[in-house]
Each structure stands twice: as C-alpha cells, then as structure tokens.
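Understanding the architecture of this molecule
So you can see what is in the structure, the chains are spelled out below.
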Amino acid sequence: MIFVVTEHKDNKFKPITSELLVFAQRMSRDFGQPITAVVLGSNITTLADELKTKKIDRVITADHESLRDYSPDPYVEILQAIIGQEKPFAVLIGHTTQGMDFAPRLAVRLRRPLIAGCVEYENQAGKLILTRQIFNAKMNMRTSPKGEAPYLATASPGAFPGDEVEVGPGDPDAAVRF
C-alpha cells in the first residue's frame, strides 16, 4: 500500500496533494500496490469526499480537534498509529514547509529512512530507487532506502505534474475513519 499524506488549508487541498497522487499512481502501477490517501484535520468530510473521485483505493481520515490547526506533534502521533496499523510500503509526503516539519520527526519515531526532495523513482527488480536533487539541483542522486518498509519520501513541488492525476469511479465505501 502507498500512503499519500494530503495537505490542505481552508478546506481546500494544496497543489502538492495532486502531485503526490500522481507520484502514488505511477508507483502503484509499477509496484502493484494500492493507494490510500490520508487526510488529517478537523471537519474534513468534504475533503475526503473530494478524494473519492480520484483513482485511489481508499481514504483514511483522522478528524480530531487536536488537528484543527497544524502542529507537528499530533500529526506524528496519529500518523505513527495509522502506519503501525496499516503497514504501508511507502509513505509520500510533500516537500513543503509543513511536510519537512513533521516528516523527519515521523521518520525518527518509526526508525525508518526518509528520502527528502524526490523528483523521480524507479522499480529496479522490485526494489525502490528514489532520485533526489542535490547541490542546488545541479546534480541528481539515486538512492535506495535500506531496511524494511515503510519507506518515507518527500516529493519536491513540481516534480510530478498535478494535472495528470487520474480520476476514477469513486467508491463511497472507501473512506475509513481513524
């Protein structure tokens, strides 16, 4: 399973969410993994409903008052619980101010590697290879996370074109509350 940790503000998804969905949809085809979008926040029903029109397998919502305003600690705590229960293959997070605030903390909590600023990936005989830019985007570095899944990666904004997100039939029973 591939997790997409969505980002939103004022009850609207930020563009990075569509980009992460494109990243996940491509990985899903190459690795044969289902996609689960994770929405954290308060009063997020309409956001979860919007995701049901995308070509994804499931939506997990954590609708808690402690998530009304972004703070890294509740995000990490709840994501750790969801990931521990669901055991995804990969967790995709936006390489944004918010994502880079909580992603390293989550990686430490899970004792898993975080590959930050990814711009591409490949499936090399079933092994995940991630490409990230280094030296002010003058060079690309390919790396493979070590250890067991889940593998955490942040995607650089603009790396995956958000307008290519695939829509699907939508499954009204695909939403799960955590």
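Residues numbered from 1 in each chain as written. Predicted model: local features only at pLDDT ≥ 70, side-chain atom pairs only at ≥ 80, totals over all residues. Heavy atoms only, no water.

Within the chain one finds four helices and 11 strands. Taking 178 residues into account, the globule formula puts the C-alpha radius of gyration at 16 Å, and the chain, at 15 Å, falls close to it. Principal axes of the C-alpha set define a box for the chain whose edges measure 40 × 35 × 30 Å. In the chain, buried positions account for 49% of the 178 residues. (Helix = DSSP H or I, 4+ residues; strand = E, 2+ residues; numbered from the N terminus. Rg over C-alpha atoms; globule rule 2.2 N^0.38 Å. Buried < 20%, exposed > 50% of the residue type's maximum accessible area, 1.4 Å probe, protein only.)

Another aspect to go through is the packing of aromatic side chains. The final tally for this structure, using the stated rule, is eight aromatic pairs. Each ring, one from Y70 and one from Y75, has its centre 4.9 Å from the other, and the planes form 75°; the classification is edge-to-face. Every member of this aromatic cluster is reached through a ring pair, and the members are F23, F31, F89, Y121, Y151 and F160. (Phe/Tyr/Trp six-rings, centres within 6.5 Å; stacked < 30°, edge-to-face > 60°.)

Moving on, we get to the layout of surface pockets. Estimated volume of the largest pocket: approximately 230 Å³. As for the largest pocket, its lining consists of 18 residues, and the residues nearest its centre are H8, K9, D10, L67 and R68. Sorting the residues of the lining of the largest pocket by element identifies β2 (8-9) and β4 (35-41) as the ones contributing at least two each. Grouping the amino acids of the lining of the largest pocket by side-chain chemistry returns six nonpolar, six polar and six charged. (1 Å grid on protein atoms, 1.4 Å probe; cavity = no way out; pocket = protein on both sides within 12 Å on 5 of 7 lines; lining within 4 Å. Points joined across faces, edges and corners; volume = space filled by probe spheres on them. Nonpolar A, V, L, I, M, F, W, Y, C, P; charged D, E, K, R; others polar.)

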